[in-house]
Amino acid sequence: MSAIEWVNGLMDTLGAPGAGVAIALENLFPPIPSEAILPLAGFAASTGELNLLAVLLWTTAGSVVGALALYGVGALLGRDRTVALAARLPLVKAADVERTEAWFLRHGTKAVFFGRMIPVFRSLVSVPAGVERMPLPVFLTLTTLGSALWNTAFVLAGHTLGANWTQVTEVVSAYSKVVLAAAALSVTAFVTLRLLRRPGPGRRGADRDTAPDADTDARGERESAEPVS
């Protein structure tokens, strides 16, 4: 059974709350795309199977519940454990985590709000919010507003397009690929720069090997400069 068939069956069984459950799971398991769930729910509302307002409310509630679960993971993990885990990762230093932490402290509110409209990042941004213990009322407000905008746009698009709701998925799929490609390039650039900054193997040994020759040359120059008695 495909993800779309599963979501469709969930909505047939539970109605609009089924769409909310699917969106909550999408936060925890990003391979279940909201870009497919939301237009499908909008299409179901256009046929009269679901109530449009109920779909909007339940999908936004599902987004908030899923985000809260990941916020809880970050809060339980905490800063010290995050730094400890990062230190075990290859090419990652504690300084990288500290810089990320400083960035999130400066831009965390914007990251949580606008992050709800970026594939994959939409789910992951809740974790650092939990790690940094962003005030829960602020987190909930930003998550609700950002999710409501994203969900409403896609539900209404599916409602408007009707049976052609899959066109929304196709467009956003291209957008998602661009975002993921940019993320992959960023990671590649980070790894490349970190490797280039590492001293080459044997470099210190090579310096030690050449040092005696330099000392020998210096002693030879001093001896040649002494007057012959």
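None of the values given here were measured: they were computed from a predicted structure.

## Considerations on the packing of aromatic side chains
Phase 1 of the analysis: Scanning the model with the defined rule gives three aromatic pairs in all.
Phase 2 of the analysis: Measuring from centroid to centroid gives 4.5 Å for W150 and F154, while their planes differ by 45°, and the two rings are tilted. Placement of the pair is W150 and F154 together in helix α8 (residues 136–161), with a separation of four residues, close to one helical turn.
Phase 3 of the analysis: With a relative accessible area of 8%, W150 lands in the buried category.
Phase 4 of the analysis: We classify F154 as buried; its relative accessible area is 10%.

## Observations concerning the environment of G108
Phase 1 of the analysis: Here G108 lies in helix α5 (residues 94–115).
Phase 2 of the analysis: Sequence spacing of G108 and A129 is 21 residues, and the spatial spacing of their C-alpha atoms is 7.3 Å.

## Digging into the confidence of the model for the chain
Phase 1 of the analysis: On average, residues of the chain score 74 in pLDDT, and 60% of them reach the 70 mark or higher.
Phase 2 of the analysis: Mean pLDDT across the secondary structure elements of the chain bottoms out at helix α10 (residues 203–225), with 49, and peaks at α8, with 92.
Phase 3 of the analysis: Here residues 202–212 is a poorly scored stretch, pLDDT under 50, and it has zero contacts once near neighbours within four places are set aside; other chains count.

## Points about α8
Phase 1 of the analysis: For α8, spanning 26 residues, the distance from its first C-alpha to its last is 37 Å, which sits close to the expected 38 Å at 1.5 Å a residue.
Phase 2 of the analysis: Listed as buried for α8 are F139, L142, T143, G146, S147, W150, N151, F154, V155 and G158.
Phase 3 of the analysis: Just downstream of α8 lies G162, where phi reads positive at about 65°.

## Considerations on the packing of helix α2 (residues 16–28) against helix α3 (residues 34–46)
Phase 1 of the analysis: Viewed as axis vectors pointing N to C, α2 and α3 meet at an angle of 170°, and their least axial separation amounts to 10 Å. Relative to α3, the element α2 lies roughly antiparallel. Counted together, A19, A22, I23 and E26 of α2 and S34, I37, L38 and A41 of α3 form the full contact between these two elements.
Phase 2 of the analysis: For the contact of α2 with α3, a count of residues per class yields six nonpolar, one polar and one charged.

## Comments concerning α3
Phase 1 of the analysis: In a regular helix each residue adds 1.5 Å, so 13 residues correspond to 18 Å; α3 covers 18 Å between its end C-alpha atoms and thus fits that length.
Phase 2 of the analysis: Among the 13 residues in α3, eleven count as buried, and that is most of the element.
Phase 3 of the analysis: Those residues of α3 lying buried are S34, E35, A36, I37, L38, P39, L40, A41, G42, A44 and A45.
Phase 4 of the analysis: Just past α3, the residue G48 takes up positive phi, approximately 90°.

## Some points on the packing of α3 against α8
Phase 1 of the analysis: The geometry of α3 relative to α8 is characterised by a closest axis approach of 6 Å and an angle of 50° between their N-to-C directions. Regarding the angle of α3 to α8, the classification is oblique. For the pair α3 and α8, the sense of crossing is right-handed. For the pair formed by α3 and α8, the contact residues are S34, E35, L38, P39, G42, F43, A45 and S46 on the first element and W150, N151, F154, V155, G158 and H159 on the second.
Phase 2 of the analysis: Counted by class, the contact of α3 with α8 contains seven nonpolar, six polar and one charged residues.

## Regarding unusual backbone geometry
Most peptide bonds are trans, and most residues other than glycine sit at a negative phi.
Phase 1 of the analysis: Its identity is not glycine, yet R133 carries a phi of approximately 50°, on the positive side.
Phase 2 of the analysis: By relative accessible area, R133 is classed as exposed at 54%.

## Points about the environment of S63
Phase 1 of the analysis: Tracing the chain through its elements places S63 in helix α4 (residues 52–87).
Phase 2 of the analysis: Owing to a relative accessible area of 6%, S63 belongs among the buried residues under this scheme.
Phase 3 of the analysis: On a C-alpha basis, the gap between S63 and S123 in space is 9.2 Å, while along the polypeptide they are 60 residues apart.
Phase 4 of the analysis: Once residues within four sequence positions are removed from consideration, S63 is found in contact with I23, N27, T143, S147 and N151.
Phase 5 of the analysis: A distance of 3.1 Å separates the side chain of S63 from the side chain of N151, its partner in a polar contact.

## Here's the deal with the nonpolar core
Phase 1 of the analysis: Within the largest apolar cluster, 18 residues are counted, with the highest numbers of intra-cluster contacts made by V7, M11, L38 and V55.
Phase 2 of the analysis: Listing elements by their share of this core, those giving two or more residues are α1 (3–14), α2, α3, α4 and α8.
Phase 3 of the analysis: If we ignore the near neighbours within four places in the chain, the residues touching V55 are A16, A41, L50 and V155.
Phase 4 of the analysis: With eleven residues, the next largest nonpolar core counts F104, A111, V112 and F139 among its residues.

Definitions and limits used
Numbers given for residues are sequential positions, taken from 1 along each chain in its written order. Owing to the predicted nature of the model, reporting of local features is limited to residues with pLDDT of at least 70; listing and counting of side-chain atom pairs is limited to 80 or more, with chain, interface and lining totals taken over all residues. Each side-chain value is derived from all of the structure's non-hydrogen atoms; neither hydrogens nor water enter the calculation. Any Phe, Tyr or Trp ring, taking Trp's six-membered ring, that has another such ring centre within 6.5 Å forms a pair; planes under 30 degrees apart are called stacked, those over 60 apart edge-to-face, and the others tilted. Secondary structure elements follow DSSP: runs of H or I of four or more residues count as helices, runs of E of two or more count as strands, with numbering from the N terminus. Only protein chains enter the calculation, and the probe is 1.4 Å; a residue is then buried if its accessible area is under 20% of its type maximum, exposed if over 50%, and partly exposed in between. The predictor's confidence in any single residue is recorded as pLDDT, a number from 0 to 100. In what follows, residue pairs with any heavy atoms lying within 4.5 Å of each other are defined as contacts. The length a helix should cover is 1.5 Å for every residue beyond the first. Axis geometry follows a simple rule: fit a line to the C-alpha atoms, using only the stretch in contact for helices, then measure angles between N-to-C directions, giving values from 0 to 180 degrees. For classification, angles of less than 35 degrees are called roughly parallel, those exceeding 145 degrees roughly antiparallel, those between 65 and 115 degrees roughly perpendicular, and all remaining angles oblique. Polar here means any residue other than Ala, Val, Leu, Ile, Met, Phe, Trp, Tyr, Cys and Pro, which are nonpolar, and Asp, Glu, Lys and Arg, which are charged; Gly is therefore polar. If you view the pair so one helix is near and one far, a crossing is left-handed when the near helix is turned anticlockwise from the far one by less than a right angle, and right-handed when it is turned clockwise. Here a polar contact is taken to be a pair of N or O atoms separated by no more than 3.5 Å, where protein atoms must pair a possible hydrogen donor with a possible acceptor and residues adjacent in sequence count only if both atoms sit in side chains. Only buried residues count toward a nonpolar core. Its members are Ala, Val, Leu, Ile, Met, Phe, Trp, Tyr and Cys residues joined through side-chain atoms within 4.5 Å.

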